[in-house]
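Chain by chain, the residues run as shown.
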Amino acid sequence: MTLRIHNTLTRALENFSPLEPGHVRMYVCGMTVYDLCHLGHARSMVAFDVVQRWLKASGYRVTYVRNITDIDDKIIKRSLENGETVRGLTDRMIDALHQDADALGIERPTHEPRAMDYVPQMLSMIGTLQGKGLAYQASNGDVNYAVRKFPGYGKLSGKSLDELQAGERVAVDDGKQDPLDFVLWKSAKESEPDEVKWASPFGAGRPGWHIECSAMSCEMLGQSFDIHGGGADLQFPHHENEIAQSEGANGQKMASVWMHNGFINVDNEKMSKSLGNFFTIRDVLKEFDAETVRFFVVRSHYRSQLNYSDVHLNDARGALKRLYTALGTVAADDVKIDWAEPHAARFKAAMDEDFGTPEAVAVLFELASELNRTQSAQAAGLLKALGGVLGLLQDDPKAFAQAGADVDEDAIQAQIAARAAAKAAKNFAEADRIRQALAAEGIVLKDSPVGTTWERG
């Protein structure tokens, strides 16, 4: 079965074939690093981590670029508020981003370019656009893109120019020839620190937000590449503007496929810092183990909206626990996936249909049921191997069962020993009291012929 991907540009499922046989080049818009990442960022990072994992599992070589925006109005404002340099703030936030992504099992991209390191390439592209009559310098010193001079503007969002409005981060300024025009180069302001001012043919200043991705994707992946991804909120204006910049400068299609992941909602509103309704990844990981958070994201389709609540996370924890419980019943064989095997074939068919993780996860539960019935080491190995394709089920089942329990393991073992002594003395009331006391602390005891184990409730 051929991999099919929903292309936002054409609004259709399309058979995927990379421009270079066997090699997929993918660019995903990353974080603006002025604060800690929230769960909405985790949704995008996990979604495209699964995409690149499946591409690799399908036999492709993948060059995956996820950029970092380290120069931006919000970054400058936060650095001034904190009394630290822009570089100091962004270095610190990038370290935090990596810690959070690593905790969620997100593989590092092939390249992670920082905008500040690619200003020369941005200036070169701006110069090309100006030379083609697609950019102009306004009276205030800014260089703007002349949107109405690019015939294809609006093709990604599917709206006419008259329908489109200036989006978030696109300030309408008197220096613009048209309200839809957007800034490519911002003239330096006296109030801004010197570290965010670059010399240029247009005067001292700094790049606008949109130009960085056009310049970095071109530099790292070429003028045309296979997949461009990001959150649904980036479709307009950011990605629309990228197309105008890149295709206006280079004269050819920027990306073959455009992919956009859905939002995480809280009370039916998009989770975002601007709305103040966000939960940082670190906040969530204080309450739930990292694999549960990843599973919560993976079991929904990447294009769907995802509702966040403790109830949904607890449900995800319970579902993931069922898979680990099955794996805990038998030692798994080391299995190399045979994609012709019926379970693997159904898993592959699901993933080949626009990365259908809900259906793929359903196959994992089918395998878990078979494993519970047959106690097959081969089934256990296949379950673990297929889970690994999604970045799941690689932990020790016992370790997963105990994850997140904020207790002293030695103290629990002492209580288990005390309960065993009480049972041996036929003091069943004391044995029940110990079990109930541990249950009240979220610790569930499991008795078996070989002894008693515990897990987080």
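Refer to the structure presented above.
Each value, and the rule that gives it
Residues numbered from 1 in each chain as written. Predicted model: local features only at pLDDT ≥ 70, side-chain atom pairs only at ≥ 80, totals over all residues. Heavy atoms only, no water. Helix = DSSP H or I, 4+ residues; strand = E, 2+ residues; numbered from the N terminus. Contact = heavy atoms within 4.5 Å. Areas by Shrake-Rupley, 256 points an atom, 1.4 Å probe, with all protein chains shown as cover. Lys, Arg positive; Asp, Glu negative; His and termini not counted. Charge placed at Lys NZ, Arg CZ, Asp CG, Glu CD. Buried < 20%, exposed > 50% of the residue type's maximum accessible area, 1.4 Å probe, protein only. Pairing = 2+ DSSP bridges. Salt bridge = Lys/Arg side-chain N within 4 Å of Asp/Glu carboxyl O. Right-handed = clockwise from strand over helix to strand, strands pointing away.

Asks: Would you mind going over the overall build of the chain with me for this structure?
Replies: For the chain, the count of helices and strands is 15 helices and 15 strands. Counted over contacts in the chain with a minimum sequence separation of 6, partners at least 24 positions apart contribute 74%. In the form shown here, the chain has an accessible surface area of approximately 19,500 Å², with 49% of it arising from carbon and sulfur atoms. Of the charged side chains in the chain, 50 are positive and 64 negative; the average position of the first set lies 3 Å away from that of the second.

Asks: Before we go on, may I ask you to explain the pairing of strand 4 (residues 61-66) in this structure?
Replies: Side-chain positions along a regular strand alternate between the two faces of the sheet. Of all six residues in strand 4, five are buried, a share of seventy percent or more. Pairing of strand 3 (residues 23-28) with strand 4, which is carried by six bridges, proceeds in the parallel orientation. By the bridge assignment, valine 24 is partnered in strand 4 with valine 62.

Asks: Mind showing me how you'd approach the pattern of salt bridges here?
Replies: A side chain of one charge can pair with a side chain of the opposite charge if their charged atoms are brought near each other. Following the criterion strictly, the structure yields 30 salt bridges and no others. Here arginine 61 and glutamate 20 are joined by a salt bridge, their closest N and O atoms 3.5 Å apart. With arginine 61 in strand 4 and glutamate 20 in the loop between strand 2 (12-15) and strand 3, this pair connects stretches of sequence that are 41 residues apart. For glutamate 20, a relative accessible area of 34% gives the class partly exposed. Note that aspartate 447 is salt-bridged to arginine 419, the shortest N-O span being 2.9 Å. Here the residue aspartate 447 occupies a position in strand 14 (residues 443-448), and arginine 419 occupies one in helix 14 (residues 409-424), the gap between them amounting to 28 residues. Salt bridges sharing partners connect three or more residues here, namely Asp49, Arg53, Lys56, Glu107 and Arg294.

Asks: Sorry if this is basic, but what is going on with the pairing of strand 9 (residues 225-231) here?
Replies: A large share of strand 9 lies buried, amounting to seven of its seven residues. With three bridges joining them, strand 3 and strand 9 adopt parallel strand pairing. When the sheet's bridge partners are listed, methionine 26 is paired in strand 9 with isoleucine 227. Here six bridges tie strand 9 to strand 10 (residues 255-261), and the two strands are oriented parallel to one another. Pairing of glycine 230 across the sheet is with histidine 260, part of strand 10. The β-α-β motif built from strand 9, the intervening helix 6 (residues 235-250) and the parallel element strand 10 has right-handed crossover chirality.

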